[in-house]
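Summary of structural features
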Amino acid sequence: MTEILTPRLLLRQWQEDDLMPMSEINADPAVMQWIGDGSVLDLEQTADALERWEEEWDDEGFGLFAVELLGSGELIGFTGLSVPHFLPEVLPAVEAGWRLGRQFWGQGYASEAAQAVLEWGLQDRGLEHVISICRAGNTASENVAHKLGMALERETTHPEYGTPLNVYGIDLTEYVG
C-alpha cells in the first residue's frame, strides 16, 4: 500500500485503531452537513464505510487515505481518490475528496493532502482528469478545489437528495502542483 508524506502529514492505509477517531469525525454535524443528506454516521456506519474504502483500493488501485498528523500521529480525517458512483452523469470519473475533523479546519491540511493525492494520481496512477464534487454553498471545500487549480465544470443536483452540487475538475496534464 502506498504512503505519501507531505511536510505535515502522512497519508496512509487504514488501521484498526482509526475506527474510533474517524467515527467521531463522522458523528460531528458540522462536518457532515455538506455530505449526502447531512446526516451524521454512527460507529457501525463508519466501520462499513472503512470497509468500502478498503475494497475500493482492491477494485480500483486507488482509494481514500487515512490522514495523520506527523507531529502527533493523530488521525485527522481522510483524503484520496474514488469513483463517484452516486453521480452517474459524471462517470467515468475519478474524484478527489477530503473530510477532516472540525478542529483541523482552516489550517491548510485539506489542500496539502489533496495536492499530494493529485500528484500521486498523475504520476503513479496515470490519471488524466480528476474532479471534485462539492455541495453548493460549501465554500471551504470549493476553496480547496480552487487551490488545486480546479475549475467549475458543471452544476447539477444530487440524484438521491436533490441538493445542488458543483463539479470542479482539472486535467492533470496541466496540473502544476
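See above for the structure.
Computed from a predicted structure; not experimentally measured.

Each value, and the rule that gives it
- Residues numbered from 1 in each chain as written.
- Predicted model: local features only at pLDDT ≥ 70, side-chain atom pairs only at ≥ 80, totals over all residues.
- Heavy atoms only, no water.
- Helix = DSSP H or I, 4+ residues; strand = E, 2+ residues; numbered from the N terminus.
- Buried < 20%, exposed > 50% of the residue type's maximum accessible area, 1.4 Å probe, protein only.
- Contact = heavy atoms within 4.5 Å.
- Polar contact = N/O pair within 3.5 Å; in protein donor to acceptor, adjacent residues only side chain to side chain.
- Core = buried A, V, L, I, M, F, W, Y, C linked by side-chain atoms within 4.5 Å.
- Phe/Tyr/Trp six-rings, centres within 6.5 Å; stacked < 30°, edge-to-face > 60°.
- Arc of directions from axis to C-beta.
- Axes fitted to C-alpha atoms, helices over the stretch in contact; angles between N-to-C directions.
- Parallel < 35°, antiparallel > 145°, perpendicular 65-115°, else oblique.
- Left-handed = near helix turned anticlockwise from the far one by under 90°.

Some remarks on the overall build of the chain
The number of helices and strands found in the chain is five helices and eight strands. Written out in order from the N terminus, the α and β elements of the chain read β-β-α-α-α-β-β-β-α-β-α-β-β. Seen through its C-alpha atoms, the chain measures out along the principal axes to roughly 35 × 35 × 35 Å. Here the chain, with 177 residues, has 50% of them falling under the buried criterion. For the chain, restricting intrachain contacts to residue pairs at least 6 apart in sequence, the fraction spanning at least 24 positions comes to 62%.

Considering the side chain of threonine 156
Mapped onto the elements, threonine 156 comes out in strand S7 (residues 151–157). For threonine 156, a relative accessible area of 14% translates into the label buried. A polar atom in the side chain of threonine 156 sits 2.8 Å from the side chain of glutamate 89.

Description of the nonpolar core
Counting 34 residues, the largest nonpolar core has Leu9, Leu11, Ile76, Leu81, Leu118, Val130 and Met150 as its most contacted members. The set of elements that each furnish at least two residues to this core consists of strand S2 (9–12), strand S3 (64–69), strand S4 (75–82), strand S5 (95–100), helix H4 (109–123), strand S6 (129–135), helix H5 (139–147) and strand S8 (164–171). With eight residues, H4 is the largest single contributor of residues to this core. Apart from the residues lying within four places of it in its own chain, the contact partners of isoleucine 76 are Leu9, Ile25, Val67, Leu69, Arg99, Leu100, Gly101, Phe104 and Tyr109. Counting residues in each nonpolar core, the second largest holds 12 residues, with Ile25, Val31, Ala66 and Leu75 among its members.

Digging into the packing of aromatic side chains
The final tally for this structure, using the stated rule, is six aromatic pairs. On the numbers, 5.3 Å between centres and 40° between planes, the contact of tryptophan 14 with tryptophan 53 is tilted. Pair noted here: tryptophan 14 is in the loop between S2 and helix H1 (19–26) and tryptophan 53 is in helix H3 (residues 43–60), with a separation of 39 residues, a long-range link. Ring geometry for tryptophan 57 and tryptophan 120: centres 5.6 Å apart, planes at 55°, overall tilted. On the criterion of sequence distance, the pair formed by tryptophan 57 in helix H3 and tryptophan 120 in helix H4 is long-range, its members being 63 residues apart. The pair tryptophan 57 / tryptophan 120 is uniform in exposure class, with both members buried. Ring-pair connections join several aromatic residues into one group, and the members of that group are Trp14, Trp53 and Phe78.

Topic: H5
The complete set of buried residues in H5 reads Ser141, Glu142, Val144 and Ala145. Looking straight down H5, one finds its buried side chains confined to an arc of 155°; they lie on one side. Projecting away from the buried face of H5 at angles above 90 degrees are the exposed residues Thr139, Ala140 and Lys147. The elements touched by buried residues of H5 are S5, H4, S6 and S8. Within two residues after H5, glycine 149 carries a phi angle of roughly 90°, on the positive side.

Thoughts on the packing of H1 against H3
Their axes nearest at 9 Å, the elements H1 and H3 cross at an angle of 115°. In terms of orientation, H1 lies roughly perpendicular with respect to H3. Both H1 and H3 take part in a crossing whose hand is right-handed. Residues Leu19, Met20, Met22, Ser23 and Asn26 of H1 lie in contact with H3, whose contacting residues are Leu43, Thr46, Ala47, Leu50 and Trp53.

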